[in-house]
Amino acid sequence: MKFLYVAPRYHTNQTDIMKGLVEHGHEVCFISHYAAIIEDYSYVAPVVLGYSLLYRLLDFLYVKVIHRKEPTAIVFKIQHGFPPLCKLRKMIYDFVPDVVILRERSVYSMAAYYFCKKKHYPCILYNQNPLWSEPGKTDFAHRMVNRFSPKIRMTPVMGEKKPGTAIGENDYFVPFVTEPRRMPWERSYFAEDTVHILCIGKYEVRKHHLMLLQAVEKLKDRYKIHVTLVGEATNHFQKEYCAKVREYVKEHHMESMAEVKVNVPREKMEREYLSADLYVIPSTLEMASVSQLEAMSYSLPVICSDTNGTACYVEEGVTGYRFQDCNQEDLEEKLDRVLSDRIQMQKMGAAGYQAVVEKYNFENYFDTVMRMRGRIVEEQLY
């Protein structure tokens, strides 16, 4: 079959999905708005179609002039950037996809959906809004956006079942996919009698690298700990924050127990996972992260924030723990709980690996996508 993806970028959380599609004999075309510094093109190389000339001018004014001091201005294009329409239409019609997966309810995706709808290509909306969610807004603007977006939606975020939330009749939970990388008995733990903590995330304030360092600093007299921070620092905001992290390590004399790494290539990340004993993702405002799932695939226990969209992948007390968002004391308590029992730590890593094998595999992803596609065709939900 032919699979067409249209998304802002070819994110690393798509790598194992692309691998599964290619290895099962399917053809994939991935159209991205832009390319990031760290991406893995082992199985699929995206076509970076970019934006129209007019939008590139508007984006320059918005990011470089009007909001030049705001680090979040760069994401404006994800929702509002519009494509070179003729090129986009030609690519879609030349490819003739059997199923189309469009990321976000954005101007870019709505343009792609318009072209696909004319040819009755089955389209699925992919976003990271929770499966369990409150009813959507019904004002004119939201009705128009929904009208020009695919009817069937998939999300890797489960959300929370509570009063006021429900699962939409056209919504499906499709978790991230990762391959089992290393079984517990195939790897070693606690090199040099030390617990090695790994944290992966862009060098942004919300990723809370400093909070993790502060929590570890409080525990350093009780446990032998080493922390490795791995993250992207490509724009000047990220570089400035990374410099602050490095300065904190230096000022607090943590050079022997903390290492700050920048822009590590994807192909070298396995070494980082295999060198670790525990994975911690302390960030806030995290819609959905795949790194904890990758850590589980290497038989590592995980600690993450309870507001992380994919915190549901971490089973409390079984594969790891969730701490209260932005609460350093609770993070310290969860770290203390894990660090105090190395045998239990390894059991959690083994349980995480088993969860990857059973729940987060390509077959589950593919079967659910095919079920959605079948429903679109049967019910004419183009």
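This is a predicted model, so every value here is computed, not measured. (Residues numbered from 1 in each chain as written. Predicted model: local features only at pLDDT ≥ 70, side-chain atom pairs only at ≥ 80, totals over all residues. Heavy atoms only, no water.)

(A) Local environment of the sheet that holds strand 13 (residues 278-281). The sheet built from 6 strands is open, its strands ordered 12-11-10-13-14-15 with parallel pairing. Each having just a single partner strand, strand 12 (258-262) and strand 15 (320-323) make up the two edges of the open sheet. Adjacent strand axes in the sheet meet at a mean angle of 20°, parallel and antiparallel pairs treated alike. With 4 bridges joining them, strand 14 (residues 302-305) and strand 15 adopt parallel strand pairing. For Ser305, the partnering residue across the bridge sits in strand 15 and is Phe323. Its contacts with the sheet put helix 7 (residues 209-219) on strand 10 (195-200), strand 11 (225-231), strand 12, strand 13 and strand 15, and the angle it makes with strand 11 is roughly 175°. (Pairing = 2+ DSSP bridges. Helix = DSSP H or I, 4+ residues; strand = E, 2+ residues; numbered from the N terminus. Axes fitted to C-alpha atoms, helices over the stretch in contact; angles between N-to-C directions. Contact = heavy atoms within 4.5 Å.)

(B) Quick look at empty space enclosed by the protein. Using the criterion set out here, one finds 2 cavities of 30 Å³ or more in the structure. As a volume, the largest cavity reaches approximately 80 Å³. The wall of the largest cavity is formed by Tyr5, Gln14, Ile17, Ile101, Tyr126, Met154, Pro156, Val174, Pro175, Phe176 and Tyr365. Across the lining of the largest cavity, the residue classes tally to 10 nonpolar, 1 polar and no charged. Reported here for the second largest cavity is a volume of approximately 30 Å³. (1 Å grid on protein atoms, 1.4 Å probe; cavity = no way out; pocket = protein on both sides within 12 Å on 5 of 7 lines; lining within 4 Å. Points joined across faces, edges and corners; volume = space filled by probe spheres on them. Nonpolar A, V, L, I, M, F, W, Y, C, P; charged D, E, K, R; others polar.)

(C) Just the packing of helix 7 against helix 11 (residues 328-339), in detail. Taken N-terminus to C-terminus, the directions of helix 7 and helix 11 make an angle of 55°; their axes are 9 Å apart at the nearest point. Between helix 7 and helix 11, the interaxial angle falls into the category oblique. As for how helix 7 packs across helix 11, the hand of that crossing is right-handed. The segment helix 7 lies against helix 11, with Met211, Leu212, Gln214, Ala215, Lys218 and Leu219 engaging Gln328, Leu331, Glu332, Leu335, Asp336 and Leu339. (Parallel < 35°, antiparallel > 145°, perpendicular 65-115°, else oblique. Left-handed = near helix turned anticlockwise from the far one by under 90°.)

All we've got here are geometric facts, nothing functional implied.
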